[in-house]
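Secondary and tertiary structure notes
Each chain, written out:
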Amino acid sequence: MKLGVISDLHVDLNEVPSEPPIEEALLEVAGESGLDGLIIAGDISNDANRSLAVLQLLKERCGYPVLFVPGNHDYWSKDNGIRDTWHLYRQFQTFDGCLSERPYELGNEWVVIGNSGWYDYTMGEPDYSFDEFERMHAMDRTWQDSLYVDWGMSNRDIHRYFYERMERDLAEHRGRPIVMVTHMLAHPYFKVPMPHPQWSYFNAFLGSAEYADLYRQYGVRYGIMGHVHYRKTYADQGTEMVCACLGYRKEWRKASAVEEIRDCLQILSL
Ligand SMILES: [Fe+2]
């Protein structure tokens, strides 16, 4: 079984009139890759309705499972204006490939477990205090989730919520070969390398080092993540960590979306 892995499509921000939409470019590359399933680790667009429409289109045109966890941008909802993030969380669960609290059986022993994950500031540098991270603002820059995401609880508490749901799902599938999917970073290897003047602070909003500990404990085979716009893999004891972000057009190196997606898409053979 071949599972394609990608994240951070940002179809709205990457849209240009002279080129086909990003989802069409993804369909083209998926088609030539002979996939049996596709995993998207979040940040399809800045609006839940747009992200859901893309998921529906991909599912219909691919004809195989399209699995997904929402990223922070998917919760932003810049167009529909919904600020209750739990409302959007449930809206994403109406898509049958949404992994939030719903592990997906691939039918060959493998199971895919996932949730957005969140950040708990463990990836920021210790020169900043907890209160400074809580402000989500430093060096004249604001971490935009503070404007567009409202879980009704602190970042640490929403991280804890996701962590506990993941642990429950992992415990229920103990002993099985597992692919874990988050949007946020599950391992500090993927944070922006230090020293870096801004990211010494903003790394705090990339994920949590606690997820990797959980993966070790449950022998997770693959840890898929996005968010940081890197494309790299890292072997952490028994877990192959995969970050396959398409990212923003200004970060691309190839001439077209199709070529860029070919470079980005990772394939797991399970
Ligand atoms: Fe993100």
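Residues numbered from 1 in each chain as written. Predicted model: local features only at pLDDT ≥ 70, side-chain atom pairs only at ≥ 80, totals over all residues.

Quick notes on the packing of helix α1 (residues 22–32) against helix α2 (residues 48–62)
Two numbers describe how α1 lies on α2: the axes approach to 11 Å, and their chain directions differ by 30°. One element, α1, and the other, α2, form an angle in the roughly parallel class. Here the hand of the crossing between α1 and α2 comes out right-handed. Here E23, L27 and A30 of α1 come into contact with α2, specifically with V54, L57, L58, R61 and C62. By residue class, the composition of the contact of α1 with α2 is six nonpolar, no polar and two charged. (Axes fitted to C-alpha atoms, helices over the stretch in contact; angles between N-to-C directions. Helix = DSSP H or I, 4+ residues; strand = E, 2+ residues; numbered from the N terminus. Parallel < 35°, antiparallel > 145°, perpendicular 65-115°, else oblique. Left-handed = near helix turned anticlockwise from the far one by under 90°. Contact = placed C-beta atoms within 7 Å. Nonpolar A, V, L, I, M, F, W, Y, C, P; charged D, E, K, R; others polar.)

Considering the nonpolar core
If you look at soluble globular proteins, the nonpolar side chains tend to sit buried side by side. I39, I40, L99, M180, V181 and I224 are the most contacted members of the largest nonpolar core, which has 74 residues in total. Not counting residues up to four positions away in its chain, the partners in contact with I39 are L3, G4, V5, L67, V112, V181 and I224. (Core = buried A, V, L, I, M, F, W, Y, C linked by C-beta atoms within 7 Å. Buried ≥ 20, exposed ≤ 12 C-beta atoms within 10 Å, placed from the backbone.)

Considerations on the environment of S129
Following the sequence through the fold, S129 ends up in the loop between β5 (111–114) and α5 (130–135). For the pair formed by S129 and N14, sequence separation is 115 residues and the distance between their alpha carbons is 35 Å.

Some words on the packing of helix α7 (residues 155–172) against helix α9 (residues 210–218)
At a closest axis distance of 11 Å, the pairing of α7 and α9 adopts a crossing angle of 10°. Judged on the interaxial angle alone, α9 and α7 are roughly parallel. On α9, the residues that touch Y163, M166, E167 and L170 of α7 are E210, L214 and Y218. For the contact of α7 with α9, a count of residues per class yields five nonpolar, no polar and two charged.

A look at unusual backbone geometry
Put simply, M194 and P195 share a cis peptide bond, and its omega is 0°. By secondary structure assignment, the location of P195 is in the loop between β8 (178–181) and α8 (199–202). Here the phi dihedral of D43 falls at roughly 60°; this positive angle occurs in a residue that is not glycine. Look at D43 and you get buried, because 28 C-beta atoms sit within 10 Å. Positive phi, normally seen in glycine, also occurs at Q237, with a value near 50°. Mapped onto the elements of the fold, Q237 is located in the loop between β10 (231–236) and β11 (239–244). Taking the number of C-beta atoms within 10 Å as the measure of exposure, Q237 has 9 and is therefore exposed.

Here's the deal with the environment of V111
Along the chain, V111 falls in strand β5. With 19 C-beta atoms counted inside 10 Å, the residue V111 sits in the partly exposed group. When the C-alpha atoms of V111 and I178 are compared, they prove to be 5.1 Å apart, with 67 residues separating the residues in sequence. Not counting residues up to four positions away in its chain, the partners in contact with V111 are P103, Y104, E105, L106, H173, R176 and I178.

Description of the pairing of β11
Burial analysis of β11 places five of its six residues in the buried class, which makes it a mostly covered element. Bridging between strand β9 (residues 222–225) and β11 involves four bridges; their strand directions are parallel. Considered in β11, the bridge of Y222 is made with E240. Where β10 meets β11, six bridges bridge the pair, whose relative direction is antiparallel. Across the sheet, residue A235 finds its bridge partner in β11, namely E240. In this structure, the hairpin formed by β10 and β11 is closed by a connection of two residues, where Q237 is found at a positive phi of approximately 50°. (Pairing = 2+ DSSP bridges.)

Focus on the sheet that holds strand β2 (residues 37–40)
In spatial order, the strands read β3-β2-β1-β12; together these four strands make up an open sheet with mixed pairing. Looking at the sheet topology across the chains shown, the edges are occupied by β3 (66–68) and β12 (266–269). Going from strand to strand, the sheet's axes swing by 25° on average, the running direction of each strand aside. This element, α2, spans β2 and β3 of the sheet and lies at about 155° to β3.

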